[in-house]
Amino acid sequence: MTVSEALPVNAIEVHGLEKTYAGTKKSPPKTALRGVDLVIPRGSMFGLLGPNGAGKSTLINILAGIVNKTGGTAAIWGRDIDQRPRDARAALGVVPQEIVSDVFFTPRESLEVQAGFYGVPASERRSDELLAALGLSDKAHAYVRALSGGMKRRLMVAKALVHNPPVLILDEPTAGVDVELRRQLWDYVRRINAEGVTILLTTHYLEEAQALCDTIAIMNRGEVVACEPTPVLLRRLDTRNVIVTPEGELSGLPTVPGFDVVARPNGAFSISYKKGQSSVEQVLAAVRAAGVTIADITTEDPDLEDVFLALTYGDASRVSPTKD
């Protein structure tokens, strides 16, 4: 980026993006993206979720310059991927799902080679800094083939950052990583995000996305079916659970007309209700009318997994738009 080039408002902008893979004699053409619109603000921690086959990897591969799009436009850091492909890729670091390692190099050598690919001058390379930040200093001179899977993933994060890109894509970065390594990785990701790096995260660990991301988009069948700030997205599911602990042991689940009753551990049960149609008091009155003496209650709002399942696998009518 030149001194005169202003910082863009959005780190990534995608408009009407389409991708259709050519068919073969045995299979018809496959449409992976169907007019995707996506805007990721500069400095955000953005989650991109969706089931397998939703189009997430195709979208990422188009941004990374690995797959050619069929239609639409895409820009990274204000640089159109067609008009300024080298500049667009230079603004992006990608950590892919698959572990890719230079098994005959040391971690430090891997970073030096990667920096060379991007034309980073020797005086500006940050190999030791990145190794330290990702907890790999003590392995700097060991062969990569001797590293654990979690260490190799952290090395891939370091390799994606050698050219100091303003945008980092993390594609399932914690798959197969143990809890402690996952915590260390997220601590570092939060730190660089606070320093201004825009993060685009895909993950199947929905609790991670809910805890980390300020905005989440959900894709399904090549389309974006939701894209909202995380708290707003969580309010889209118009249901709540009341968990009832009865006084004494019941012989079976009570029948509560008008409500679904589900068993919970330790003799408790839960009742789901739509917040726009019923209230906690109405639920409790129905439970008492069923002959249950209540010892304790708690309420439970839907989490990201509930919203995700409703939008991608379940009854989308359960999910209604909310106002921020």
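For the structure itself, look to the data block above.
Cut-off values and rules
Residues numbered from 1 in each chain as written. Predicted model: local features only at pLDDT ≥ 70, side-chain atom pairs only at ≥ 80, totals over all residues. Heavy atoms only, no water. Helix = DSSP H or I, 4+ residues; strand = E, 2+ residues; numbered from the N terminus. Buried < 20%, exposed > 50% of the residue type's maximum accessible area, 1.4 Å probe, protein only. Contact = heavy atoms within 4.5 Å. Areas by Shrake-Rupley, 256 points an atom, 1.4 Å probe, with all protein chains shown as cover. Lys, Arg positive; Asp, Glu negative; His and termini not counted. Charge placed at Lys NZ, Arg CZ, Asp CG, Glu CD. 1 Å grid on protein atoms, 1.4 Å probe; cavity = no way out; pocket = protein on both sides within 12 Å on 5 of 7 lines; lining within 4 Å. Points joined across faces, edges and corners; volume = space filled by probe spheres on them. Nonpolar A, V, L, I, M, F, W, Y, C, P; charged D, E, K, R; others polar. Pairing = 2+ DSSP bridges. Axes fitted to C-alpha atoms, helices over the stretch in contact; angles between N-to-C directions. Salt bridge = Lys/Arg side-chain N within 4 Å of Asp/Glu carboxyl O. Patch = residues over 30% accessible without salt bridge, like charges linked within 9 Å, V, L, I, M, F, W, Y side chains within 5 Å. Disulfide = S-S within 2.5 Å. Polar contact = N/O pair within 3.5 Å; in protein donor to acceptor, adjacent residues only side chain to side chain.

## As for the overall build of the chain
Okay, step 1: Counting its secondary structure elements, the chain contains ten helices and 14 strands.
Okay, step 2: Taken along the three principal axes of its C-alpha coordinates, the chain extends 75 × 50 × 45 Å.
Okay, step 3: Each of the 324 residues in the chain was classed as buried or not, and the buried ones make up 45%.
Okay, step 4: Taking the contacts inside the chain whose residues are at least 6 apart along the sequence as the reference set, 69% of them involve residues at least 24 apart.
Okay, step 5: Here the chain has roughly 16400 Å² of accessible surface; of this, 50% comes from carbon and sulfur atoms.
Okay, step 6: With 35 positive and 39 negative side-chain charges, the chain shows a separation of 6 Å between the mean positions of the two kinds.

## Section: empty space enclosed by the protein
Okay, step 1: Applying the stated rule across the entire model yields one cavity of 30 Å³ or more.
Okay, step 2: The computed volume of the largest cavity comes to approximately 30 Å³.
Okay, step 3: Along the walls of the largest cavity sit Leu111, Ala115, Val120, Arg125, Arg126, Ser127, Leu130 and Val162, which together make up its complete lining.
Okay, step 4: For the lining of the largest cavity, the secondary-structure elements that each account for two or more residues are α3 (107–117) and α4 (127–133).
Okay, step 5: Residues belonging to the lining of the largest cavity are distributed by class as follows: five nonpolar, one polar and two charged.

## Remarks on the environment of Leu38
Okay, step 1: Mapped onto the secondary structure, Leu38 falls in strand β2 (residues 30–41).
Okay, step 2: Taking the C-alpha atoms as reference points, Leu38 and Glu13, 25 residues apart in sequence, are found 5.9 Å from one another.
Okay, step 3: Apart from residues no more than four positions distant in its own chain, Leu38 is found in contact with Ile12, Glu13, Val14, Phe46, Leu48, Leu59, Ala217, Val224 and Cys227.

## A look at the sheet that holds strand β3 (residues 45–49)
Okay, step 1: Strand order in the open sheet formed by six strands is β6-β7-β8-β3-β9-β10, and the pairing between neighbours is mixed. The sheet is open, and its two borders are formed by β6 (92–95) and β10 (223–229), each paired with just one other strand. The mean inter-strand angle of the sheet, taken between neighbouring strand axes irrespective of direction, is 15°.
Okay, step 2: Along the sheet, helix α5 (residues 149–160) makes contact with β6 and β7 (167–171), crossing β6 at roughly 170°.

## Focus: the pattern of salt bridges
Okay, step 1: If you walk through the whole model with that rule in mind, you get 13 salt bridges.
Okay, step 2: Across the pair Arg126 and Glu129 runs a salt bridge, and its minimum N-O distance is 3.4 Å.
Okay, step 3: Here the salt bridges do not stand alone but share partners, grouping Glu180, Arg183, Asp187 and Arg190 into one network.

## Regarding a negative patch on the surface
Okay, step 1: Where like charges cluster on the molecular surface, the negative patch consists of Glu207, Asp303, Glu305 and Asp306.
Okay, step 2: Among the structural elements, Glu207 can be located in helix α7 (residues 206–212).

## Quick word on unusual backbone geometry
Okay, step 1: Even without being glycine, Trp77 reaches a positive phi, approximately 55°.
Okay, step 2: Of note, Trp77 is situated in the loop between β4 (71–76) and β5 (79–80).
Okay, step 3: A positive phi angle, near 50°, is found at Glu172, a position not held by glycine.

## Some details on the state of the cysteines
Okay, step 1: On inspection of all chains with the given rule, the structure shows zero disulfides.
Okay, step 2: Here Cys213 stays unpaired: no disulfide links it, and the sulfur of Cys227, its closest cysteine neighbor, is 11 Å away.

## Remarks on the side chain of Thr106
Okay, step 1: Counting through the fold element by element, Thr106 comes out in the loop between β6 and α3.
Okay, step 2: Looking at Thr106, its side chain comes within polar contact range of the main-chain oxygen of Ala140, at 3.4 Å.
Okay, step 3: Ignoring anything within four residues of it in the chain, the contact list for Thr106 reads Ala140, His141, Ala142, Tyr143 and Val144.

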